[in-house]
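# Fold and contact review
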Amino acid sequence: MIALVDCNSFYCSCERVFEPKLENKPVIVLSNNDGCAVARTDEAKSLGIKMGEPYFKIKSVCEKNKVSVFSSNYSLYGDMSRRVMKILNEYTPEMEIYSIDEAFLSFQGMKNNLVNYSYEIKSEVKQLTGIPVSVGIGPTKVLAKVANNYAKKNKQLTHGVFLIDTSKNSDDILKRFPVEDVWGIGRKSAEKLLTVKIKSAYDLKYANEFVIQKMLTITGRRIVQELRGQNCIEMELDLAAKKQIVSSRSFGRPIYQKEDLMEAIANHVTTACEKIRKQNCVAGTILVFVQTNPFKNTPQYYNSATMNLLSGTSATNKMIHYAFKCLDQIYRINYEYKKVGVILMDIVPKSLSQLDFFDSHDSIKDDKLMKTIDHINQFQGTGSVKFAACGVVQFWKMLSQMKSPNYTTRWSELLRVT
DNA sequence: TCTGGGGTCCTAGGACCC
DNA sequence: TCTGGGGTCCTAGGACCC
C-alpha cells in the first residue's frame, strides 16, 4: 500500500503556526507580486474565494469578512516543508517528496494497521511542526490520491485519514468521485470524457482502456489501470536532478528600459545558476524571454531567444553574458514589459559535460570564483555578494506588501514571546 | 491600479538516414 | 497507369501537476 500525506492549506497553516489566533479564522496566501490567492483555509473557501482568483477581485470580500491576507513567504514554507518531510521519513524507508506539501510513503510489507499508523503520523507531524495533514492510503498512487481527497473533504467522518482498496465498498466512493478530480485528469480530458458519458472515477475505472488510450494517450490508460489497483506510476525515491531550471518573475510596475530588463535577467541567471550548481550540473542551452502584460489593453509583445552553448556551463558570469546576447535579439523599444525570465536547458552532470577546445567551458578560475561566491552567500545570506549587473536599487522588484517574518530562517526575525 | 511560478510527460510532424 | 520500407532524432505544442 501507498500513503499520500498532504498538508492542509499548507501555506496558510505555516502562517497559523506562528499566529495561533488565526486558528478557525479565514486566511489566504497570495502568489508572487500579491497577484492571486494560491492557498485558502476552509473558512476562506466557504466565503467563495476560489483558487487562483486575482486579489484585486476579492479584496472587498476579504476586508468585509476580516480575512487575514499574506504575501507568500517561500523561505518560511520551504523550511516548514523540510521539517514535515523529515518526520515523515521516519515512518517509512521509502518515500517520494512529490511537492512542497505532499509526499508518497511506501507502506509495502508493513503488517501494522495502516489506518492507525497514519493517525500516529498525523498527530506527530502536528505536534512537532504545528502543521495539520491528511493521509490517503491506497494500493496505487492514483487511489491514494483519491483517498486523500476524500479524507480532506470529509474531515468529520474520517478525521483526516482514509484507506481505499479494490473492494466493492470502495467503488461506492469512486461513484461519487468526479472524474475531473482524479489525479491526472484535467479540464480538457474531463471534457472529452464527458462526450462518452464518463463522469465519475467509477465510470473511468470500468471504461475500455483502449478507448481511453485513444482519447487521452497512454497517460489516460495508466490512470484507468491505477484505479483498478494495478501499479503503473512508479514511486520516485531519489531526488531526480532537474531537466530544466526556470527563473522568471513579473515586475511590480511596468518596465520600458532595456537596462532594467538586463538587471532583472542578470538576477534570474544568478538564481538559475545557483540552482544548477547545487545539483552539480551544467546547462548546454539558455533561453531568455520577455513579455508584456496580456491582461492590459496595450500593444502586446512576446518573444524568446535561445542560445546553444558550445560547451555546458554553470558559471554565472558566463551565463549573464550569453543571456544579454539573447536579450539583444528580442528587445524592442516602446513596449511596456511585465515579465522576463531565463530557462536553462540541456542539463547534464558537470562530470559528463563536453569540454571545448577554445576554453569557453568553465575554467578552473570560474569554478573557484563560483565556489567562493556560493560559500559566502550560504553563510552570510543570499545575495551578500553578486555581480554588479544585478543592480543595487532593483526598483523593478515585485510587490510583497503583506509578508510575514522569516520566523525560522533569520535570527533577527525570530518570534518574540513577551 | 490590480491576474504567479516552476515543473514533467506525451505526441505529431518534419527532417533526415539507408 | 505508375514512385518502398524502415528507422531515428528533434521540436513545438498540448496537457497536466503543485
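Structure report, in brief. (Residues numbered from 1 in each chain as written. Chains lettered and ligands numbered in written order. Predicted model: local features only at pLDDT ≥ 70, side-chain atom pairs only at ≥ 80, totals over all residues. Heavy atoms only, no water.)

### A word on the protein's contact with DNA strand C
Just so we agree on the cut-off: Near residues are defined by distance, with any heavy atom within 4 Å of the molecule or strand qualifying the residue. Numbered from the N terminus, helices here are DSSP runs of H or I no shorter than four residues, and strands are runs of E no shorter than two. Ten residues, namely Ala, Val, Leu, Ile, Met, Phe, Trp, Tyr, Cys and Pro, are considered nonpolar, four, namely Asp, Glu, Lys and Arg, are considered charged, and the remaining ones, Gly among them, are considered polar.
Residues in close proximity to DNA strand C total 13 residues, the closest being S99, D101, K145, G184 and S189. The contact atoms of DNA strand C, taken as those within 4 Å of the protein, divide so that sugar and phosphate hold 100%. Of all elements in the fold, only strand 5 (95–99) and helix 9 (187–195) reach the threshold of two or more residues within the surface near DNA strand C. Of the residues forming the surface near DNA strand C, the biggest block, three residues, is contributed by helix 9. For the surface near DNA strand C, the residue count by class is four nonpolar, four polar and five charged.

### Structural notes on the protein's contact with DNA strand B
Spelled out, the test is: Polar contact criterion, stated in full: a pair of N or O atoms within 3.5 Å, where within protein one must be able to donate a hydrogen and the other to accept it, and residues adjacent in sequence count only if both atoms are side-chain atoms.
Residues in contact with DNA strand B amount to 24 residues; listed here are only the nearest, R222, V246, S248, S250 and K338. Taking the atoms of DNA strand B that fall within 4 Å of the protein, sugar and phosphate contribute 74% of them. Within the backbone of V246, a nitrogen or oxygen atom sits 2.6 Å from a phosphate oxygen of DNA strand B. At 3.0 Å, a side-chain N or O of R249 approaches a sugar or linking oxygen of DNA strand B. Among the elements of the structure, helix 11 (209–227), strand 9 (245–255) and strand 12 (337–349) are those that each provide at least two residues to the surface near DNA strand B. Sort the elements by how many residues they give to the surface near DNA strand B and strand 9 lands first, with six residues. Classifying every residue of the surface near DNA strand B by side-chain character gives seven nonpolar, nine polar and eight charged.

### Here we look at helix 12 (residues 258–278)
Side chains that are three or four residues apart share a direction in an α-helix, a result of its 3.6 residues per turn. Rules: Helices are assigned an expected span. That span is 1.5 Å times one less than the residue count.
Compared with the 30 Å implied by 1.5 Å per residue over 21 residues, the 30 Å span of helix 12 between its first and last C-alpha is a close match. Just downstream of helix 12 lies N280, where phi reads positive at about 55°.

### Some thoughts on the packing of aromatic side chains
For the record, the criterion: Here a Phe, Tyr or Trp ring, Trp counted by its six-membered ring, pairs with any other such ring whose centre lies within 6.5 Å, and the pair is stacked when the planes are under 30 degrees apart, edge-to-face when over 60, and tilted otherwise. Relative accessibility under 20% of the residue-type maximum defines a buried residue, over 50% an exposed one, and the middle range a partly exposed one, all with a 1.4 Å probe and only protein chains included. As a reminder, the over-ring test applies to NZ of lysine and CZ of arginine, requiring each to be within 6 Å of the ring centre and within 35 degrees of the ring normal.
Tallying each qualifying case throughout the model produces 17 aromatic pairs. The interplanar angle of 55° and the centroid separation of 6.0 Å between the aromatic rings of F10 and Y11 together place this pair among those described as tilted. One exposure class covers both F10 and Y11, and it is buried. Aromatic side chains Y98 and W183 sit 5.5 Å apart centroid to centroid with 85° between the ring planes, which places their arrangement in the edge-to-face category. Pair noted here: Y98 is in strand 5 and W183 is in the loop between helix 8 (168–175) and helix 9, with a separation of 85 residues, a long-range link. Members of the aromatic cluster, each reached through a chain of ring pairs, are F10, Y11, Y74 and Y77. It is K141 that lies over the ring of F104; its NZ or CZ is 4.8 Å from the centre. Between K175 and the ring centre of Y202, over which it is positioned, the NZ or CZ distance is 4.8 Å.

### A word on the pattern of salt bridges
Selection rule: Note on definitions: salt bridges are taken to be side-chain nitrogens of Lys or Arg within 4 Å of carboxyl oxygens of Asp or Glu.
As enumerated under the stated definition, the model contains 19 salt bridges in all. Note that K21 is salt-bridged to E19, the shortest N-O span being 3.6 Å. Measuring nitrogen to oxygen at the nearest pair gives 3.6 Å for the salt bridge that ties R187 to E191. You can see R187 and its partner E191 sitting in helix 9, four residues apart, about one turn around the helix. Using a relative accessible area of 60% as the deciding quantity, one classes R187 as exposed.

### Describing the packing of helix 6 (residues 141–153) against helix 11
The cut-off we apply is this: Lines fitted to the C-alpha atoms define the axes, with helices restricted to the stretch that makes contact. Angles between their N-to-C directions range from 0 to 180 degrees. Should an angle lie under 35 degrees it is considered roughly parallel, over 145 roughly antiparallel, and from 65 to 115 roughly perpendicular; all remaining angles are considered oblique. Contact criterion: two residues are considered in contact whenever any of their non-hydrogen atoms come within 4.5 Å of each other.
Running from N to C, helix 6 and helix 11 point in directions that differ by 70°, and their axes come no closer than 7 Å. As summarised for this structure, helix 6 and helix 11 are arranged roughly perpendicular, according to the angle between their axes. Judged by residue contacts, K141, V142 and L143 of helix 6 engage I223, E226 and L227 from helix 11. Residues of the contact of helix 6 with helix 11, tallied by class, amount to four nonpolar, no polar and two charged.

### Digging into the packing of helix 9 against helix 11
To characterise two packed helices, one gives the angle between the axes of the helices and the distance between these axes. The criterion, for reference: When the near helix sits turned anticlockwise from the far one by under a right angle, the crossing is termed left-handed; a clockwise turn instead gives a right-handed crossing.
Direction vectors running N to C along helix 9 and helix 11 enclose 150°, while the axes themselves pass 11 Å from each other. In terms of orientation, helix 9 lies roughly antiparallel with respect to helix 11. Judged by the sense of rotation from one axis to the other, the crossing of helix 9 with helix 11 is right-handed. Packed against helix 9, whose contacting residues are S189, K192, L193 and T195, the element helix 11 presents I212, M215 and L216 at the interface. Grouping the amino acids of the contact of helix 9 with helix 11 by side-chain chemistry returns four nonpolar, two polar and one charged.

### Structural notes on the sheet that holds strand 11 (residues 302–313)
In plain terms, the rule: Strands are treated as partners if at least two bridges between them are detected by DSSP.
In space, the four strands of this open sheet follow the order 9-12-10-11, with antiparallel pairing throughout. For this open sheet the edge positions go to strand 9 and strand 11, each flanked by a neighbour on one side alone. Sheet twist, expressed as the average angle between the axes of neighbouring strands with direction ignored, equals 15°. Along the sheet, helix 13 (residues 316–330) contacts strand 10 (281–292), strand 11 and strand 12; its crossing angle with strand 11, the most-contacted strand, is approximately 150°.

### Re the sheet that holds strand 3 (residues 37–40)
The three strands are arranged 3-2-4 in an open sheet whose pairing can be described as mixed. Every other strand in the sheet has two partners, leaving strand 3 and strand 4 (68–70) as the edge strands with one partner each. This sheet shows a mean twist of 25° between the axes of neighbouring strands, independent of strand direction. As defined by bridge partners, strand 2 (residues 27–30) adjoins strand 3 across three bridges and the pair is classed as antiparallel. In the sheet register, V29 faces strand 3, and the bridge partner there is A39. Sheet contacts for helix 1 (residues 10–18): strand 2, strand 3 and strand 4; angle to strand 2, the most-contacted strand, approximately 115°. Against the sheet, helix 3 (residues 55–64) touches strand 2, strand 3 and strand 4, its axis set at about 160° to strand 2.

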